[in-house]
Number of protein chains: 2
Amino acid sequence: MNTVLIAEDEPSIAGLIKLCLSQSGYECTVAKNGLEAADLIEQKDFDIALLDIMMPGADGYELLEYLRPTGTPAIFITAKGELDDRVRGLSLGADDYIVKPFETRELVARVETVLRRTGRGGKMLYAFGVEADTHAHTVTKNGEQVHLTPLEYTLLEQLMRSRGAALYRDILYSRVWGGDMEDDTRTLDLHIKRLRQKLDWTDKIITVYKVGYMLKSEDMP
Amino acid sequence: MNTVLIAEDEPSIAGLIKLCLSQSGYECTVAKNGLEAADLIEQKDFDIALLDIMMPGADGYELLEYLRPTGTPAIFITAKGELDDRVRGLSLGADDYIVKPFETRELVARVETVLRRTGRGGKMLYAFGVEADTHAHTVTKNGEQVHLTPLEYTLLEQLMRSRGAALYRDILYSRVWGGDMEDDTRTLDLHIKRLRQKLDWTDKIITVYKVGYMLKSEDMP
DNA sequence: GTGAAATGTATCTGAGTTGTAACAAAAATA
DNA sequence: TATTTTTGTTACAACTCAGATACATTTCAC
């Protein structure tokens, strides 16, 4: 699971970012100001940092200096008004920037893009002869390519990332579809069925009644 | 991997603790003072917290209050001189305490003990040959899988988490069913019966007359 | 636009889960 | 011991949930 540092002094924004990234499977830590962020950077190695430019303590530009030696990529967050020349000429080091207010989807997409571009998002996941390339979004089983649709792939990735643990239907849904699950709809079940079919995984993806689905871990009976 | 919060203002001690716990496979985060620790607690769910009692910002006792709602167990760290009455009478909530200076071996051992005791070491719960995997929502007895319905499982988990303590009927009910218990209904009793049956635990789940139910602890006759 | 692929909806079904009602047993109380 | 209160048991009906199927809709490349 990729780790994200969110440096944002406005709690509501920080909370929103944390929420939607968490739901997309990222592990988030929030710093309320620049100093806190600097501390965290020195303590832990994050995969990516989201930095509010205007912050008490240390602003985003200073934080970039802290990040540089670690090689952690960064995305600037900026309010519309602040989008001045300083920001525009931001070849100064950030990998991308996002303007508030932003679409949560866009946020997630940008984080993913930066992670992929900087080679931090690409990882291989394995389970029961199935190999998922999180960089290329391709899947093979016993060496042979299996064609999955984008949704199927995302679903599989989530299951593989939480190997051996049951994922609640609504959590799984929100991670894959990115919204709340409608009351009674069979969408999730349908895609699970398709996954099971394509991978021949009827007994590997377990339905946990009234909870959700789980991908067995190797050692489970 | 289990996560540890280390709240300790003396950097050398904090570093030492972090070092030896990291080597034992724990993921450590250090807070330099009470406030920082409080922030981290609200942000992240740690598996265990090591708290220095004397700290600027908020002391260990205050931090315990932050931890209580999350259910995170805590170990107090205290200098020899501080081992006064306050500390001695620390039945006040911490799960254990360690006196500085300490042997690193002892530290690791105590952390492990507390984690196991609180059922967080790998998120497994054990009792009388029964093993509950809180991630997978599965239960085995003497290695063999036992099928429990969702309600039965939740009920079991509650009992196992409060091992050796009687749980009031209404509390147990509200934890499992999530509402107030109707006046006269046999629902709870029925599910207790089913649990007893499936696990062959007639004598392990004790009915405390006029109170509720209790799962025996290993050392009870 | 057309067609193929991807995704979603509607509905049915059967299995599995759960609560109720009615009564039996046990424990406390008198 | 008789009575009341509390807990255990049984059988069954009602219900909920996930699987399946068929079809509708959307998306995308050409």
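Let us look at the structure shown here. (Residues numbered from 1 in each chain as written. Chains lettered and ligands numbered in written order. Predicted model: local features only at pLDDT ≥ 70, side-chain atom pairs only at ≥ 80, totals over all residues. Heavy atoms only, no water.)

### Topic: the packing of aromatic side chains
For step 1, the next point in the chain: Inspection of every chain in the model, using the stated rule, returns four aromatic pairs over all chains.
For step 2, the next point in the chain: Centroid distance F128(A) to W201(A): 6.0 Å. Interplanar angle 85 degrees. Geometry classified as edge-to-face. Remark: W201(A) occurs in the loop between α8 (187–199) and β11 (205–208) and F128(A) occurs in the loop between β6 (124–127) and β7 (130–133); sequence separation between them is 73 residues. For the residue pair F128(A) and W201(A), the accessibility class agrees, reading buried in each case.
For step 3, the next point in the chain: Look at Y173(B) and W177(B): their rings are 4.7 Å apart centre to centre, the planes differ by 10 degrees, and that puts the pair in the stacked class. Here Y173(B) and its partner W177(B) are both found in helix α7 (residues 169–177), four residues apart, which amounts to about one turn of the helix.
For step 4, the next point in the chain: Residue Y173(B) is classed as buried on the basis of its relative accessible area, which comes to 11%.
For step 5, the next point in the chain: Between K204(A) and the ring centre of F128(A), over which it is positioned, the NZ or CZ distance is 5.2 Å.
For step 6, the next point in the chain: Over the ring of F128(B) we find R163(B), and its NZ or CZ is 4.8 Å from the ring centre. (Phe/Tyr/Trp six-rings, centres within 6.5 Å; stacked < 30°, edge-to-face > 60°. Helix = DSSP H or I, 4+ residues; strand = E, 2+ residues; numbered from the N terminus. Buried < 20%, exposed > 50% of the residue type's maximum accessible area, 1.4 Å probe, protein only. Lys NZ or Arg CZ within 6 Å of the ring centre and 35° of its normal.)

### Overview of the sheet that holds strand β3 (residues 48–52) of chain A
All names here are of chain A.
For step 1, the next point in the chain: The parallel open sheet is built from five strands, whose spatial order is β2-β1-β3-β4-β5. Pairing within the sheet leaves two strands with one partner each, and these edge strands are β2 (27–31) and β5 (96–100). Sheet twist, expressed as the average angle between the axes of neighbouring strands with direction ignored, equals 20 degrees.
For step 2, the next point in the chain: With five bridges joining them, strand β4 (residues 74–79) and β5 adopt parallel strand pairing. Considered in β5, the bridge of I75 is made with D96.
For step 3, the next point in the chain: Helix α3 (residues 60–67) contacts β1 (3–7), β3 and β4 of the sheet and is inclined by roughly 160 degrees relative to β3. (Pairing = 2+ DSSP bridges. Axes fitted to C-alpha atoms, helices over the stretch in contact; angles between N-to-C directions. Contact = heavy atoms within 4.5 Å.)

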